[in-house]
Amino acid sequence: MDLRYPDRSSTSLRTAVRDNMKLSRFELYVDGDNVGYLQYETRQGQIWLLHTTIDQRLKRSRLDGYFVENVLENLHRRRLAVMPFCPTVRGYLGGHPEWASLIPASERSRFRLTPASRSRKTTSRAS
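An account of the accompanying structure is given in this report.

### Topic: the side chain of Thr 52
Then, number 1: Secondary-structure assignment places Thr 52 in strand E4 (residues 46–54).
Then, number 2: Using a relative accessible area of 9% as the deciding quantity, one classes Thr 52 as buried.
Then, number 3: Setting aside its immediate chain neighbours within four residues, Thr 52 contacts Tyr 37, Leu 38, Phe 67, Cys 86, Thr 88 and Val 89.

Here is the structure:
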């Protein structure tokens, strides 16, 4: 398995992120293999992102950021409020404040996130 980061111009990896509603988790697939997941719960119109697990062999590949970004794009399209209890997701949000608008304003301080300095651009990206 080629473990390079799957940027949008690369064709070396076939990646997919799927919402497995039956197991309440987003799953990351690389070349058809399940290599990670992000466990969640849905509560009163919010999605609580609880824990991310990525195959140890992929830790240095930066797939965790790719994975979290795809999950956040999915939740943005579905207009769900995000509660980022998962340290991996919070770490990603710390470096990408444009996603903070997904978290209810009244909850941002709970996660030590400040309001986004710029609004989230709406782009049409292939899923």
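### Describing the pattern of salt bridges
Then, number 1: The full count for this structure, using the stated rule, is 6 salt bridges.
Then, number 2: Across the salt bridge formed by Asp 19 and Arg 78, the nearest N and O atoms sit 2.8 Å from each other. You can see Asp 19 sitting in strand E1 (residues 15–20) and its partner Arg 78 sitting in the loop between helix H1 (63–77) and strand E5 (81–84), a full 59 residues away along the chain.
Then, number 3: By relative accessible area, which is 22% here, Asp 19 ends up partly exposed.

Analysis parameters
- Residues numbered from 1 in each chain as written.
- Predicted model: local features only at pLDDT ≥ 70, side-chain atom pairs only at ≥ 80, totals over all residues.
- Heavy atoms only, no water.
- Helix = DSSP H or I, 4+ residues; strand = E, 2+ residues; numbered from the N terminus.
- Buried < 20%, exposed > 50% of the residue type's maximum accessible area, 1.4 Å probe, protein only.
- Contact = heavy atoms within 4.5 Å.
- Salt bridge = Lys/Arg side-chain N within 4 Å of Asp/Glu carboxyl O.

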